[in-house]
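# A look at the structure
Here are the chains, one letter per residue:
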Amino acid sequence: MDNRTIAAIATPNAPGGIGVIRISGENALEVADRIFRPVSGKTLSESKGYRAHFGDVYYNNEKIDEAVCLVFRAPASYTGEDVAEISCHGGLFVTKQVLRAALDAGAAPAEAGEFTKRAFLNGKIDLAAAESVMSLIGASGKQAAAAALNTLDGNLSREIKGVADSIIAICASLAAWVDYPDDDIEDTSASDMLPVFESAQNSLKEIIRRYDCGRAVTDGIDAVIVGRPNVGKSTLMNLLSGFERSIVTNIAGTTRDVVEEKIVLGEIVMRVADTAGIRETENVVENIGVNLAKRRLERAELVLAVFDGSEPLTDDDIDIIKYCESKRAIALLNKSDLPLAADRKIIENAFAHSVELSASTGEGRGELEKAVADIFRTNEFNPNAACLTSERQRQCCVNALASIEEAINAINCGVTLDAVNVCADCAIDALLQLTGEKATSAVVDEVFSRFCVGK
Ligand code: GDP
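Throughout, residues of each chain are indexed from 1 in the direction in which the sequence is written. Restriction of local features to residues with pLDDT of at least 70 applies here, the model being predicted, together with a cutoff of 80 or more for giving and counting side-chain atom pairs; totals for whole chains, interfaces and linings are based on all residues. Note that water and hydrogens are dropped before the side-chain values are worked out from all heavy atoms of the structure.

Summing up its helical and strand segments, the protein chain has 15 helices and 13 strands in all. Counting over 455 residues, the protein chain shows a buried share of 48%. Every residue pair with non-hydrogen atoms within 4.5 Å of one another is taken to be in contact. Restricting to contacts in the protein chain with at least 6 residues of sequence separation, those with at least 24 account for 67%. Surface accessibility in these figures is a Shrake-Rupley result with a 1.4 Å probe; residues are shielded only by whichever protein chains are displayed. Summed over all atoms, the accessible surface of the protein chain reaches about 21100 Å², with 51% contributed by carbon and sulfur. Strands are runs of DSSP state E lasting at least two residues, helices are runs of H or I lasting at least four, and both sets are numbered from the N terminus onward. Only protein chains enter the calculation, and the probe is 1.4 Å; a residue is then buried if its accessible area is under 20% of its type maximum, exposed if over 50%, and partly exposed in between.

Here it is as structure tokens:
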């Protein structure tokens, strides 16, 4: 493992009350001693772990700030190494100066996620828990934060390990039987194995189902607002995002490109794109918006199709209804504060979910919230149960499940037990990749590259 001593600013790149510079590695305390002088006159290198020291920070022999330095001793630290954390005044200039001082004093700049990667490599946390650190940092709701914390506590890894261990136990007796068929080893019968595989199958299905219900809560969803001009898309966008973002006018075609906004609807984070509509247009600028709208529409997980309820449906509306046929969509019959003139039956027949609302007054927002929660089944999400926190983890579970189902099929078809053994091995591999026990360095690098510097 890389034994450089690394340093980075751990707090956001913005002015704040406190800025933290984290230094980790074999020489962390020596590096900190070169730039930080405790008022006690002692050095940090003589300090015990879990101690806070008040003192001055120096750069080029010049005092640059007063600060508190926390000392953590290996292995009782976040990274498992010696760590010094200097909490200085949180101005951008000051924190950068302190970092520069640490780098001049012998530390190397930390890469994205390198502190957490070291925690993983030093066995402080497993890969699933490391990933949940990022989920916790990125959580924008109470449930998403609770789910991430749950995984950080190791609940997911324990559940996955439980499944893996049950298969490992079966494999051990299978392997003995496969390798030494003539020896007097107790025969592992299909009837012993089947319940173990079936129980593993049920556990993994449940874990995947939980993730799928919770994904809208933990990762958010890409949604798009579509509708012909003037039905109230921009007004709706403003209602959902809570402030004036799109330009609202009653001149058709005012919204020229895709405006994206992150909004929280109940516990769900939606990245909502308002579009210029999906009609063809001669106007070059507007056309850019139209094309962007089409692309965004294609990858959206949810389409909010807006109709003007105060007018009869037009041919453009019918086109949009057809466009939504193969999508997961909610019809929004807007302007419910005005008398209804649109044919509600046509909308209700075409969409599994439709909501009457007024983007101007906000009436109907609760119904929209409920429709989205129903579609993504977030009501079934339990943040207190072990939860997958990334697509990578989900894929590991899907792969393990496929191998387990192959093993079950093999047993049911009477295929020889060595074939079952191969399937079981693949399932174990996939599960240990999830926790990181068998993850390749490429996978590990990929996971940590998505972290921020300083974490
Ligand atoms: P867009 O072209 O689809 O983005 O439509 P806008 O959001 O620009 O709205 C077009 C017009 O409809 C504006 O004059 C809005 O004030 C009006 N409007 C939007 N939503 C409502 C609503 O719920 N009720 C009423 N009465 N007017 C609305």
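With respect to the helices, strands and loops of the structure, Asp 33 is situated in helix α1 (residues 28–35). Counting rule applied: Lys, Arg positive; Asp, Glu negative; His and chain ends not counted. In what follows, salt bridge is the name for a side-chain nitrogen of Lys or Arg lying within 4 Å of a carboxyl oxygen of Asp or Glu. Lacking a salt bridge, the buried Asp 33 has Arg 73 as its closest oppositely charged neighbour, with an N-O distance of 7.7 Å. Residues adjacent in sequence count toward polar contacts only when both atoms are side-chain atoms; beyond that, a polar contact is any pair of N or O atoms within 3.5 Å, and within protein one must be able to donate a hydrogen and the other to accept it. Within the local environment of Asp 33, its side chain forms a polar contact with the side chain of Ser 45, the two groups lying 2.4 Å apart. With residues up to four places along the chain from it excluded, the contact list for Asp 33 reads Thr 43, Leu 44 and Ser 45.

A residue's pLDDT is the predictor's confidence in that residue, given on a scale from 0 to 100. Looking at the protein chain as a whole, its pLDDT mean stands at 87, while 88% of the residues score no less than 70. When pLDDT is averaged over each helix and strand of the protein chain, the minimum, 66, is found for helix α9 (residues 284–299) and the maximum, 98, for α1. Low confidence marks residues 244–256, where pLDDT is under 50. Its contacts with residues over four positions away, or in another chain, come to 33 contacts.

A separate point is the sheet that holds strand β6 (residues 83–89). When DSSP finds two or more bridges between two strands, those strands count as paired. Spatial ordering of the open sheet is given by β3-β4-β5-β6-β2-β1-β7, a layout of seven strands whose pairing is mixed. At either margin of the open sheet sits one strand with a lone partner, and together these are β3 (36–38) and β7 (108–109). Packed on one face of the sheet, helix α2 (residues 92–104) meets β1 (6–9), β2 (18–24), β4 (51–59), β5 (62–72), β6 and β7 and runs near 175 degrees to β1. Contacting β1, β2 and β7, helix α3 (residues 114–121) crosses the sheet at an angle of about 135 degrees to β1. Every axis corresponds to a line fitted to the C-alpha atoms, with the helix fit spanning only the stretch in contact, and the corresponding angles, defined between N-to-C directions, vary from 0 to 180 degrees.

Remark: the empty space left among the atoms is shown by a probe the size of a water molecule rolled over them. Of the grid points, spaced at 1 Å and generated over the protein atoms alone, those admitting a 1.4 Å probe that cannot get out make up cavities, while open sets with protein on both sides within 12 Å along at least five of seven lines make up pockets; any residue with an atom within 4 Å of a point is treated as lining. Grid points are joined across faces, edges and corners, and a volume is the space filled by probe spheres set on the points. Taken as a whole and assessed by the stated rule, the structure comprises one cavity of 30 Å³ or more. In this model, the largest cavity occupies a volume close to 30 Å³. Under the grouping applied here, Gly and all other residues not named as nonpolar or charged are polar, the nonpolar ones being Ala, Val, Leu, Ile, Met, Phe, Trp, Tyr, Cys and Pro and the charged ones Asp, Glu, Lys and Arg. A breakdown of the residues in the lining of the largest cavity according to their chemical character gives two nonpolar, three polar and no charged.

Attention shifts here to the packing of aromatic side chains. Any pair of Phe, Tyr and Trp rings, taking the six-membered ring for Trp, is counted once the centres come within 6.5 Å. Such a pair is stacked with planes under 30 degrees apart, edge-to-face with planes over 60 apart, and tilted for the rest. For the structure shown, the criterion picks out three aromatic pairs. Look at Tyr 50 and Phe 72: their rings are 5.8 Å apart centre to centre, the planes differ by 80 degrees, and that puts the pair in the edge-to-face class. Taken as a pair, Tyr 50 in the loop between β3 and β4 and Phe 72 in strand β5 lie far apart in primary sequence, 22 residues in all. Their ring planes at 70 degrees and their centres at 6.0 Å tell us that Phe 307 and Phe 351 sit as a pair that is edge-to-face. Within this pair, whereas Phe 307 is found in strand β11 (residues 302–308), its partner Phe 351 is found in the loop between α11 (344–350) and β13 (353–356), the two being separated by 44 residues in sequence. No difference in accessibility class separates Phe 307 from Phe 351, as the two residues are buried.

Attention now moves to the pairing of β11. For β11, a buried count of seven out of seven residues is recorded, marking the element as mostly surrounded by other parts of the structure. Neither face of β11 is left uncovered, since the one carrying Leu 302, Leu 304, Val 306 and Asp 308 and the one carrying Val 303, Ala 305 and Phe 307 both have all their residues buried. As judged from the four bridges shared by strand β8 (residues 221–226) and β11, these two strands associate in the parallel manner. The partner of Val 226 across the bridge, within β11, is Ala 305. Bridge count for β11 against strand β12 (residues 329–334) is six bridges, and the pairing is parallel. When the bridges of β12 are listed, Ala 305 appears paired with Ala 331. Of the crossover connections in this fold, the one passing from β11 over helix α10 (residues 315–323) to the parallel β12 is right-handed. A crossover counts as right-handed when, viewed with the strands pointing away from the observer, the path leading from the first strand over the helix to the second turns clockwise.

Residue types Ala, Val, Leu, Ile, Met, Phe, Trp, Tyr and Cys, when buried and joined through side-chain atoms within 4.5 Å, form a set referred to as a nonpolar core. Among the nonpolar cores identified, the biggest contains 38 residues, and Ile 167, Phe 197, Leu 204 and Val 420 are the most heavily contacted of them. Within the residue set of this core, elements represented by two or more residues are α6 (155–179), α7 (190–218), α13 (391–412) and α14 (417–435). Looking at this core element by element, the count peaks at ten residues for α14. Listed in part, the 26 residues of the second largest apolar core include Ala 223, Ile 225, Val 372 and Phe 376.

With that out of the way, let us pick up the pattern of salt bridges. Applying the stated criterion across every chain, the model contains 26 salt bridges. A salt bridge links Glu 311 to Arg 228; its shortest N-O distance comes to 3.1 Å. Of this pair, Glu 311 sits in the loop between β11 and α10 while Arg 228 sits in the loop between β8 and α8 (233–241), and the two are 83 residues apart along the sequence. Among the residues examined, Arg 228 registers a relative accessible area of 11% and is labelled buried. Bridged by salt links that share partners, the residues Glu 159, Glu 206, Arg 209, Arg 210, Arg 377 and Glu 380 form one connected network.

As a further point, take the layout of surface pockets. One number sums up the size of the largest pocket: a volume of about 400 Å³. Taken together, 18 residues form the lining of the largest pocket, with Met 134, Ser 135, Gly 138, Thr 218 and Asp 219 sitting closest to its centre. At four residues, the largest contribution of residues to the lining of the largest pocket is made by helix α4 (residues 127–138). For the lining of the largest pocket, the residue count by class is six nonpolar, seven polar and five charged. Delimitation of the domains relies on an automatic or database domain assignment. Residue assignment places the lining of the largest pocket across two domains, with domain 2 (130–215 + 386–436) and domain 3 (221–358) each supplying three or more.

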